[in-house]
Amino acid sequence: MEKQQKIDNNIQISKLAAKYGTLVFLVILFIVFSILRPKTFLSMGNILTILRQIVILSILGAGLTVVMITNRIDLTIGYTTSFLGVVAAALMVHFGLPVWLAAIITILVGALLGSLSGFSVAILGIPDFIATLSLGFLISGFNQAYTKGHPISGLPEGFKIFGAKFIGRIPTSLFFMIVFLAIIYILLNYTRFGRYVYAIGGNEEAAMMSGVNVNKNIIKAYIISGIGAGLAALILASKLGTAHPSAGDSYLMEALATVYVGGTAFKSGEPNIAGTFVGALIIGILSNGLTLCNVQYYNQDIAKGLVIFLAVTITSIQRKRKK
Amino acid sequence: MDKQEIAVKMSDVSKHFNGICALNKVNLEIHKGTIHALLGENGAGKSTLMKILCGLISKDTGKIELFDKEVEFKSIIEALENKMAIVPQELALVEYFSVAENIYLGKEKTKRGFMDMNRMTRDAEALLSELKINLDPKAIVSDLSVSQKQMLVIARVLSEDAEVIIMDEPTARLGVYEIKDFLEYMKYLREIGKTIIFITHKLDEVFEICDEVTVLRDGNVVSSHKIEEVTQNQIIKEMVNRSSESLDIEKAQKELKEIVLEVNNISCDQMVHDASFELYKGEILGFYGLVGSGRTEMIRAILGIDKKNSGSVKYKDELVEFKNIRESMDSGLVLIPEERRQQGLVMNLPIHQNSSLTKLKYFSKYGFVNQSKEKSSVEKLKNDLRINCSNIYNPAGSLSGGNQQKVVLSKFLDMPVDIYIFDEPTRGIDVGAKKEIYKLIQKISENASIIIISSEIPEIQSICDRIVVMNEGKTVKSLGPEEFMDAEIIMKYSIGGKHGKTAEN
């Protein structure tokens, strides 16, 4: 009897570990850095810094999450973010549009680029990987051609609202992040659209046979990803004070990592918003903590790679054992 | 040729799947150098038996001897090494490779570690001409016709010196002339001493080339005959499932007056040719046919899932042309698909989300799902259908087959539907659950019309008001209850026996 109880307990624990393994990992990471750098890491200022650092990543990750729920991928988002930053800056600096109008147009262009990816994947039937990879190159190419590689600076003061202003000690960009993540969370969990994307990702044929318009919903998912890139672009350009034509490129890989790490965090392997946020936090805390521990920049990627690999490994092994 | 030498001997071979008996103590002797036909309805156990023979699945009990040596193959490769080969329906070839490369796949000829293409081509050429197979060794497989691909597979197994070859419905996808050539080639193989087990649905072919015939039914061997000692009618009689298992379904007398759906001369690529039928309001109409008769394909074309080439569909006195399944669903026609796992359910999603996936628009406002409305609908369906689950928030994949099928069914209830189309509604579920499903279907028919595609004659006999028999893409015959209670008649039509063709010898 006792033995059975013990086995049951073990199963319970491993179940919990499988379910919340990534979360546990986040906590461990937090504790380790708190011990290593108690004064600097745990300060309110630093926590806000970490959050501010992951704003762009979690917004891009959130948009990407929606696409990845449908079992597809969007490799354009890094290039799109760079490009849309330039679009916003050009509209304001070169065309003299007011900040609010430039911001709206930027996001609309993001939606348009997203719909282009969605169209290529869903309607034209190009494999998602190569479709979005080539579109990414195209977008980047146009961007480089337009700017000739030079950043656009001289952004108006009002543009700082997106990523360079603070209300008290709280950065404004945090609000944009919270609103965007909340909207995606609601979309995924309380609307028909959310049901449909999860159904498509779980079993596309069954979704089709249930009367779900698979193509339309896939395109919608890519549009959301594009909108996320638009918002991220505004925040990034605002934060840097200039629109650099390759400023957003490097976010793609980290965004992919957040979604993968996050997928293992709550639901069993399916991408989800809470998980993506946890994934972004892990990456953010890691970068921040390593810097505070004086780890050289070029060594940080090694640590990052290792940690992401470990986080995903633990949950994958757990899940495998469960089967 | 000594026809008495036994190539394959199976004794008391049994196999169960999830407690359901697929083969029951099968005894079978196949003589060397003969073509032996294996006949039976869908699900009679032919495929299972052959898969066991060539090592694709393992048997539960019994003994298999190949040329007097007991064997138990663990893989198709091991079977081939022992001269037992199968030419499956799905031909596994590397489409991008040439004929020669496919023949030598896995046993490539090399020269200092590199592929020796010249030698492979030369050898393939010699092999093909020796086997009298007319194929260019350099041709790329994706350019070949189905019949050429089939010959290539045969060449490949012959290159391994296969002695016993199982042909799984080899003529199902061939045209008339290709079939003729193919049958000639089978005769040639017999001449050179090969033993062939020929699975088919076509009695004409059996009588043309086979030496012996075995009929399977419900996992049992009904009989084995020498071909000259048997008639077509006798074989049909033996194939027919006369399951005594009483289904206990009371049929209400119905007046069938109003036509809801009228289908005229529908054709679509290869599988359906000039199919026509009509469905009356409140009717339960059964579609019977053997594998490849085009029943599912016809329905898919009607509903707009696949394209049709010609023909018309009249629904509620209006000509309709559904472009996709959403349009037909919105008009009140739904298909409850056969493949639960692939087409019916999203296994990782909870039961309630599966059940409501088809009708979210009725539960939502401005795109937001009213979860309490949804919950009460699903709870009600769960009770009505007696879906056995502890919680509607559990994943659909955690349910048993019968309960999964009920969830699939629940997807299309509690919404406006005029015509329900069931594709093999009880495949792979146990007898108890079957009865429940039948009762549900009858209940649904009080307010809707129903089409049932089924491969089980007792099933359609006991619940349908009328049966349409299909054969090779055509609707051959519509049978009323007084006719279809005789299962032989159904079988006769499904096997392509038009009136004169199955005349007594």
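Scroll up a little and you will see the structure.
Our subject in this report is the structure included herewith. Everything numeric in this text was worked out from a predicted model, so none of it was measured.

Definitions and cut-offs
- Residues numbered from 1 in each chain as written.
- Chains lettered and ligands numbered in written order.
- Predicted model: local features only at pLDDT ≥ 70, side-chain atom pairs only at ≥ 80, totals over all residues.
- Helix = DSSP H or I, 4+ residues; strand = E, 2+ residues; numbered from the N terminus.
- Buried ≥ 20, exposed ≤ 12 C-beta atoms within 10 Å, placed from the backbone.
- Contact = placed C-beta atoms within 7 Å.
- Expected span 1.5 Å × (residues − 1).
- Pairing = 2+ DSSP bridges.
- Axes fitted to C-alpha atoms, helices over the stretch in contact; angles between N-to-C directions.
- Arc of directions from axis to C-beta.
- Nonpolar A, V, L, I, M, F, W, Y, C, P; charged D, E, K, R; others polar.

Examining the overall build of chain A
Next, step 1: Scanning chain A for helices and strands turns up 13 helices and two strands.
Next, step 2: Within chain A, the proportion of its 323 residues that are buried is 50%.
Next, step 3: Across chain A, contacts joining residues at least 24 apart in sequence account for 77% of those joining residues at least 6 apart.

Overview of helix α5 (residues 146–159) of chain B
Residue and element names in this part refer to chain B.
Next, step 1: Between its first and last C-alpha, α5 extends 20 Å over 14 residues, near the 20 Å set by a 1.5 Å rise per residue.
Next, step 2: Regarding α5, the residues found buried are Q150, M151, L152, V153, I154, A155, R156, V157 and L158.
Next, step 3: Buried residues along α5 sit against α2 (76–81), β6 (84–87), α3 (99–103), α4 (117–130) and β9 (164–168).
Next, step 4: Following α5 by one or two positions, D161 adopts a phi angle in the positive range, close to 60°.

Structural notes on the sheet that holds strand β4 (residues 61–66) of chain B
Residue and element names in this part refer to chain B.
Next, step 1: Pairing is antiparallel across the open sheet formed by four strands, whose spatial order is β2-β1-β4-β5. This sheet does not close on itself; its edge strands, each paired only once, are β2 (20–31) and β5 (69–70).
Next, step 2: The sheet contact formed by β4 and β5 spans two bridges and is antiparallel. Paired with E65 across the bridge in β5 is E70.
Next, step 3: Lying on the sheet, helix α1 (residues 46–53) is in contact with β1 (6–17), β2 and β4; it crosses β2 at an angle near 65°.

Some thoughts on helix α14 (residues 371–384) of chain B
Residues and elements named next belong to chain B.
Next, step 1: Here α14 is 14 residues long and its end C-alpha atoms lie 20 Å apart, about the 20 Å a rise of 1.5 Å per residue gives.
Next, step 2: Along α14, the residues classified as buried are E374, S377, V378, L381 and K382. The arc that holds every buried residue of α14, seen down its axis, measures 135°, which confines them to one face. Turned more than 90 degrees from where α14 packs its buried face, S372, S376 and N383 sit exposed.

Focus: the interface of chain B and chain A
Next, step 1: If you look at the interface, chain B gives 22 residues, while chain A gives 18 residues.
Next, step 2: Among the elements of the structure, α10 (325–330), α11 (340–344) and β20 (368–369) of chain B are those that each provide at least two residues to the side of chain B that touches chain A.
Next, step 3: In terms of residue class, the side of chain B that touches chain A is built from twelve nonpolar, eight polar and two charged.

Details of the pairing of β4(B)
Residues and elements named next belong to chain B.
Next, step 1: Of the pairings in the sheet, the one linking β1 to β4 comprises five bridges and is antiparallel in character. By the bridge assignment, K9 is partnered in β4 with E65.
Next, step 2: Hairpin connection from β4 to β5: two residues lie between these consecutive antiparallel strands, with F67 at a positive phi of about 50°.

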